[in-house]
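One letter stands for each residue in the lines below.
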Amino acid sequence: MVLGGWGRAPLATVAAFRPERVSELRQALIKTVESGTVARGGGRSYGDQALNAGGHVVLTERLDRVLGFDRVTGVLVAEPGLTFNDVLHLFLKHGWQAPVSPGTGFATLGGAVANDVHGKNHDRSGGFGDHVLWLDLMLADGTTRRISPTEHEALFRATIGGMGLTGVITALAVQLLKVPSNAVDRFECRIVDLDDFMTALSDARATSFYSVGWIDALARGRRLGRGILETADPAPNDLPATALKHRRVPLDFPSFALNPLSVRLFNAAYYRRVPGRGRSRRVPVEQFLYPLDSLLDWNRIYGKRGFHQFQCVIPDGQAERGIRALLEAITGARKASFLAVLKTLGGEGRGMLSFPTRGFTLALDLPRRADTPDLFGRLEHITLDHGGRIYLAKDALVSPAGFQRMYPRLSEFRRVLETVDPKSRFTSDMARRLLLKPPLASQIDRAA
Ligand SMILES: Cc1cc2nc3c(=O)[nH]c(=O)nc-3n(C[C@H](O)[C@H](O)[C@H](O)COP(=O)(O)OP(=O)(O)OC[C@H]3O[C@@H](n4cnc5c(N)ncnc54)[C@H](O)[C@@H]3O)c2cc1C
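Residues numbered from 1 in each chain as written. Predicted model: local features only at pLDDT ≥ 70, side-chain atom pairs only at ≥ 80, totals over all residues. Heavy atoms only, no water.

1. Focus on the overall build of the chain
Along its length, the chain carries 14 helices and 22 strands. On C-alpha atoms alone, the chain measures out to a radius of gyration of 21 Å, which is about the 22 Å that the 2.2 N^0.38 rule sets for 448 residues. Overall, the C-alpha framework of the chain stretches about 60 × 55 × 45 Å when taken along its three principal axes. In the chain, buried positions account for 59% of the 448 residues. Across the chain, contacts joining residues at least 24 apart in sequence account for 74% of those joining residues at least 6 apart. A total accessible area of about 18100 Å² is found for the chain, and carbon and sulfur atoms account for 54% of it. Counting 59 positive and 45 negative side-chain charges, the chain places the centres of these two groups 5 Å from one another. (Helix = DSSP H or I, 4+ residues; strand = E, 2+ residues; numbered from the N terminus. Rg over C-alpha atoms; globule rule 2.2 N^0.38 Å. Buried < 20%, exposed > 50% of the residue type's maximum accessible area, 1.4 Å probe, protein only. Contact = heavy atoms within 4.5 Å. Areas by Shrake-Rupley, 256 points an atom, 1.4 Å probe, with all protein chains shown as cover. Lys, Arg positive; Asp, Glu negative; His and termini not counted. Charge placed at Lys NZ, Arg CZ, Asp CG, Glu CD.)

2. Digging into unusual backbone geometry
Note the cis peptide between Ala9 and Pro10, where omega equals 0 degrees. Of note, Pro10 is situated in the loop between strand 1 (2-4) and strand 2 (11-13). The backbone phi angle of Asp116 is positive, close to 40 degrees, even though this residue is not glycine. You can see Asp116 is positioned in the loop between helix 3 (109-114) and helix 4 (122-125).

3. Brief notes about the pattern of salt bridges
The tally for this structure, following the rule as stated, stands at 24 salt bridges. Notably, a salt bridge pairs Arg433 with Asp48, separated by 2.7 Å at the nearest N-O pair. Here Arg433 is found in helix 13 (residues 429-433), whereas its partner Asp48 is found in the loop between strand 4 (37-40) and strand 5 (56-59), with 385 residues between them in sequence. A salt bridge links Asp429 to Arg432; the nearest nitrogen and oxygen atoms lie 2.5 Å apart. (Salt bridge = Lys/Arg side-chain N within 4 Å of Asp/Glu carboxyl O.)

4. Examining the pairing of strand 14 (residues 210-215)
Each regular strand carries side chains that alternate between the two faces of the sheet. Within strand 14, six of the six residues are buried, which leaves the element mostly enclosed by the surrounding structure. Side chains Tyr210, Val212 and Trp214 project from strand 14 onto one buried face, and the interleaved Ser211, Gly213 and Ile215 project onto a second face that is buried too. In the sheet, strand 14 pairs with strand 15 (residues 227-234) via six bridges, with the strands oriented antiparallel. Paired with Ile215 across the strands is Gly227, a residue of strand 15. In terms of strand pairing, strand 14 meets strand 20 (residues 340-345) through three bridges, oriented antiparallel. Among the inter-strand pairings, Ile215 is bridged to a residue of strand 20, identified as Ala340. (Pairing = 2+ DSSP bridges.)

5. What about the sheet that holds strand 21 (residues 359-367)?
Ordered by their spatial adjacency, eight strands build an open sheet running 17-13-15-14-20-21-19-22, and the pairing between neighbours is antiparallel. Each having just a single partner strand, strand 17 (279-284) and strand 22 (389-390) make up the two edges of the open sheet. Lying over the sheet, helix 6 (residues 194-207) contacts strand 13 (183-191), strand 14, strand 15, strand 20 and strand 21, oriented at roughly 40 degrees with respect to strand 20. Helix 7 (residues 260-272) rests against strand 13, strand 14 and strand 15 of the sheet, and its axis sits at about 45 degrees to strand 15. (Axes fitted to C-alpha atoms, helices over the stretch in contact; angles between N-to-C directions.)

6. Some words on the sheet that holds strand 3 (residues 15-17)
Within the open sheet, the three strands sit side by side as 3-5-4. Their pairing is parallel. Edge positions in the sheet fall to strand 3 and strand 4, since each has one partner strand and no second. Strand-to-strand twist of the sheet, defined as the mean angle between neighbouring strand axes without regard to direction, takes the value 25 degrees. The pairing of strand 3 with strand 5 spans three bridges and is parallel. Across the sheet, residue Phe17 finds its bridge partner in strand 5, namely Val58.

7. Considering the confidence of the model for the chain
In the predicted model, the chain carries a mean pLDDT of 94, and 97% of its residues have values of at least 70. Across the chain, the element-wise mean pLDDT spans from 60 in helix 14 (residues 441-447) up to 99 in helix 3. (pLDDT = per-residue confidence, 0-100.)

8. Here's the deal with the domain arrangement of the chain
Segmenting the chain into domains produces domain 1 (2-60 + 408-447), domain 2 (66-178) and domain 3 (183-400). Here domain 2 and domain 3 have C-alpha centroids that lie 25 Å from each other. Across the contact, 36 residues belong to domain 2 and 34 residues belong to domain 3. When the two sides are added together, the surface that domain 2 and domain 3 hide from each other amounts to roughly 2900 Å², 54% of it contributed by carbon and sulfur. Per-residue buried area on domain 2 facing domain 3 is highest for His118, Lys120 and Asp123; these three make up 26% of the total on that side. The interface formed by domain 2 and domain 3 holds two salt bridges in total. In this structure, Arg358 and Asp123 form a salt bridge, with 3.5 Å as the shortest nitrogen-oxygen distance. At the boundary of domain 2 and domain 3, one finds 19 residue pairs in polar contact (both at pLDDT 80 or more). Breaking the side of domain 2 that touches domain 3 down by element, the ones donating at least two residues are helix 2 (84-91), helix 4 and helix 5 (153-159). (Domains from an automatic or database assignment. Buried area = accessible area lost by both parts, 1.4 Å probe. Polar contact = N/O pair within 3.5 Å; in protein donor to acceptor, adjacent residues only side chain to side chain.)

Here you go:
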């Protein structure tokens, strides 16, 4: 089958295997010796991480059983294909939710470990990996090893944020977060420019449980960095239970639909949606955590050619200059992009390749055009110049040299891979692009 990431670029033809049970997985791995394999969860990473062109991919969507839940301690044991939506729908009514959520409920717990995902509460709660108690990992030789901060510690830290390259996670135990209700109390306000945003987010990270900024990525000059800041805290009381309403984008938009004028109009309307004095509302947790999920298949808005996402983090000390330089490059290129997201991150993650570091993270979509790699290259340089790093969960374009400078624990990660998977049975298009794994003999043959 042909698979893509959420950005629908690049695409890859793969032999996909969808086990119904973990017990079928071992057999499948033996068959993939020649071509290599990689796990795929909800397919919500944007680029080439869960792709393996010409090789195998293991789809984990049927491995989604709850294996145990302790209502007193909130420890959940589950298979890796359980999604954040599943966790919310099963456990919120008992007062528990995922401790850290990405911006989509369609991501799986296995995928969340493999990217050590962060949420809108990183300053308070760290990354998803910080809440993992143990993992069962099926290794290249077909055996399964239980790994945790105290058992096989190096392999555990390589697997958190390890992009599926150490093995397939077959089960995990995670500590859920106790919450008083199914809602959050959200405050939204307009932010007039970038200076205002940096100050407001610096305050919010200390005072609110959740915070996230939406930036109008077309605003220039004295409006550069204007947008909306959302802060929120768990609400003390429940809202009446309501299901999130979904709409679906029914077709791929033609490329002319997304142009500077249409995006400018959308962004201006989004900015004015919040009154000048700000507003407070109690909203369902689901609506706050996963606002984009109400529009299913929204990636089709970027048309058949797809899009790339750029996300980086710039450490606190350089953040003001770095984010300004990035926004100037983006607005100067006049690339039609909807809202960019600006958030704070609280510190380093547990994984050797975890993305977070204490700083400000900027994320935005770039429609895929002939000149997009050039702009991306400029953004990569600015990120490096300011001591930052690019998030691999969103990536399809970062250069191998840039990647190596951004991730100082890379050599440690490589040493673990050499020990547990010397023949590169686990591999992906991203792993080969970033020179994390050499191409397999079968892939060299095909290329020849
Ligand atoms: C709308 C949207 C919003 C997002 N917001 C955020 C955000 O706020 N914060 C954030 O951190 N990320 C965010 N993301 C990115 C997303 O959370 C990550 O890419 C996440 O890893 C996706 O999980 P998935 O199940 O879809 O995994 P996939 O995309 O299918 O795979 C991602 C990686 O996980 C590996 N993997 C999957 N299952 C297993 C397994 N069982 N064993 C071993 N490896 C496995 C794959 O090999 C691959 O390397 C967002 C994505 C979207 C589309």
